Amino acid sequence: MSSTNNCVDCNTIIRGSWFFRSSRLKCNTCAKTICAKCANNQALIPYTPDNNEKPTALQKSSIECYCKPCYQSISTLDYGSAYDVIEPAADDEDDNENTNTTTLLWVHGGGGCRRMFHPHAKLLSKKGYRSILIDLPGHGTLVDTKLTLDECVDTVRSILHKECTSSQKIVYIGGSLGAYIGFYIFEKLNTKFSGAVLIDCGQNVGPDCSLKARLGIWFLRKLSTKMSNKALMAAMLGTVKKSKADYHLVETTFGAGYFFQQGGAQCDCMHTVAPATIIPSLNFPILFFNGSEDYRDSEDRWLSLCNHKELSSLKVYEGGDHFFCHDSRFVHDMLDRIDRFTQAVLSHSADVN
């Protein structure tokens, strides 16, 4: 006995039977029929303010699948825009000079979205900082936009044109993929930025990288192109449980959803960028952050190539891994360092002018 249905999202005809029910799934909210491909790419852990954010409390069974409208409604990501602007809080805790003329541009890591750094930007808003958090092409609300390095440049250029004036100082903050792509963005939009904070990019994965790094890129490409977002999220839960990361994990990551539909393109972008050829051409300082347990064969080299050596620096968090920026042991120190770095950049700019 068999029957057919159409997936409510992609309209694919789903032929199912009692023996092959796995190809026909139901949205966890509205119970409409969805195909396995749509269901497994539109998966997340529903977020509520009382979610237990401890990695040990997160279970694979918590991952639920949805049709596209329900997925977008339940996700912590706002699908009404491709970027968020967080203005300085009205009740600033600190009265930092010039923060009202400074914008922090936050760029997330691979497979994530602009929710990744939302809690961090909210905390810095209390110090008077304005933040813009963007979705990279191929991610979040731009998941259907082709991910290329030039498309990333166009996305950043367009948002800065809309949201920033020529007199504003812009500090770029990128994590992992957002950091590696950042080098290419700097090369194309060098004069737009007064400084950069680059997180989790201590490993050279560019065209001149080591054999070990090449194997890592190859393995990441295999995983991201062969596995669904749901499967990758389940695998990541296992990795996170071995980590100390505990800071807003559901709100920023698992509750927003994963976006590895263009995983191969993510690998291509990272493997194309050669930081060692770009860093010496940059006219602004860079603050690097890494975890001691992460891969980082080139962090000292990146720092040594910076032009503004008096303002550029590297902070390695002992015991931190690739997820250290969501580790409550380090978050507040990291944000304090970003604050001090930005103030030093602004002071230097004022002295030069």
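Coordinates for the structure precede this section.
A brief structural summary.

Reading guide: rules and limits
Residues numbered from 1 in each chain as written. Predicted model: local features only at pLDDT ≥ 70, side-chain atom pairs only at ≥ 80, totals over all residues. Heavy atoms only, no water. Core = buried A, V, L, I, M, F, W, Y, C linked by side-chain atoms within 4.5 Å. Buried < 20%, exposed > 50% of the residue type's maximum accessible area, 1.4 Å probe, protein only. Helix = DSSP H or I, 4+ residues; strand = E, 2+ residues; numbered from the N terminus. Contact = heavy atoms within 4.5 Å. Phe/Tyr/Trp six-rings, centres within 6.5 Å; stacked < 30°, edge-to-face > 60°. Polar contact = N/O pair within 3.5 Å; in protein donor to acceptor, adjacent residues only side chain to side chain. Axes fitted to C-alpha atoms, helices over the stretch in contact; angles between N-to-C directions. Parallel < 35°, antiparallel > 145°, perpendicular 65-115°, else oblique. Nonpolar A, V, L, I, M, F, W, Y, C, P; charged D, E, K, R; others polar. Pairing = 2+ DSSP bridges.

With respect to the nonpolar core
Part 1: Counting residues in each nonpolar core, the largest one holds 47 residues, and the members touching the most others are Leu105, Phe193 and Leu198.
Part 2: The element contributing the most residues to this core is helix H5 (residues 177-188), with eight residues.
Part 3: Not counting the four nearest positions on each side in its chain, Leu198 is found in contact with Tyr172, Gly174, Ala179, Phe183, Phe186, Ile286, Leu287, Phe288 and Phe289.
Part 4: Core analysis: the next-biggest nonpolar cluster, separate from the first, contains 33 residues, Ile34, Cys35, Cys113 and Phe260 among them.

So, the packing of aromatic side chains
Part 1: According to the stated counting rule, one finds 12 aromatic pairs in the structure shown.
Part 2: Taken together, a centroid distance of 6.0 Å and an interplanar angle of 20° make the contact between Phe289 and Tyr317 stacked. One end of the pair, Phe289, is in strand E12 (residues 286-291); the other, Tyr317, is in strand E13 (residues 313-317), and 28 residues separate them in sequence. Both residues of the pair, Phe289 and Tyr317, belong to the buried class.

As for the environment of Ser75
Part 1: With respect to the helices, strands and loops of the structure, Ser75 is situated in the loop between helix H2 (68-74) and strand E7 (83-86).
Part 2: According to the relative accessible area criterion, Ser75 is buried, its value standing at 7%.
Part 3: For the pair formed by Ser75 and Gly255, sequence separation is 180 residues and the distance between their alpha carbons is 5.7 Å.
Part 4: Not counting residues up to four positions away in its chain, the partners in contact with Ser75 are Leu44, Gly255 and Ala256.
Part 5: Separated by 3.0 Å, the side chain of Ser75 and the backbone nitrogen of Leu77 make a polar contact.

Some thoughts on the side chain of Thr342
Part 1: With respect to the helices, strands and loops of the structure, Thr342 is situated in helix H12 (residues 331-352).
Part 2: Residue classification places Thr342 among the buried residues on the basis of a relative accessible area of 1%.
Part 3: Leave out the neighbours within four places in its chain, and Thr342 touches Thr102, Leu104, Tyr129 and Val171.

Description of the side chain of Gln42
Part 1: Relative to the helices and strands, Gln42 is located in the loop between helix H1 (36-41) and strand E5 (43-44).
Part 2: The exposure class of Gln42 is buried, given its relative accessible area of 12%.
Part 3: If we ignore the near neighbours within four places in the chain, the residues touching Gln42 are Asp9, Glu64, Cys65, Tyr66, Cys67, Lys68 and Tyr71.

A word on the packing of helix H6 (residues 211-226) against helix H9 (residues 263-272)
Part 1: As a packed pair, H6 and H9 sit with axes 8 Å apart at the nearest point and diverge in direction by 160°. In terms of their interaxial angle, H6 and H9 are classed as roughly antiparallel. Where H6 approaches H9, its residues Arg214, Ile217, Leu220, Arg221, Ser224 and Thr225 are matched on the opposing element by Gly263, Gly264, Cys267, Asp268, Met270 and His271.
Part 2: Considered class by class, the residues forming the contact of H6 with H9 number four nonpolar, five polar and three charged.

Some details on the sheet that holds E13
Sheet strands pair via backbone hydrogen bonds, and the direction of the pair is either parallel or antiparallel.
Part 1: Taken in spatial order, the seven strands of this open sheet run E7-E9-E8-E10-E11-E12-E13, and their pairing is mixed. Edge positions in the sheet fall to E7 and E13, since each of these pairs with one other strand and no more. For this sheet, the mean angle separating the axes of adjacent strands, direction not counted, is 15°.
Part 2: Bridge count between strand E11 (residues 195-199) and E12: four bridges; the pairing is parallel. Paired with Leu198 across the strands is Phe288, a residue of E12.
Part 3: Across the face of the sheet, helix H3 (residues 118-125) comes into contact with E7, strand E8 (102-107) and strand E9 (130-134) while running at roughly 20° to E7.
Part 4: Packed onto the sheet, helix H4 (residues 149-163) meets E7, E8, E9 and strand E10 (169-175) and runs at close to 150° relative to E9.

Observations regarding unusual backbone geometry
Part 1: In this model, Asn11 sits at a positive phi of 70°, which is unusual for a non-glycine residue.
Part 2: On the secondary structure map, Asn11 appears in the loop between strand E1 (2-6) and strand E2 (13-17).
Part 3: A positive phi angle, close to 55°, is found at His248, a residue other than glycine.
Part 4: Taking relative accessible area as the criterion, His248 reaches 27% and is therefore assigned partly exposed.

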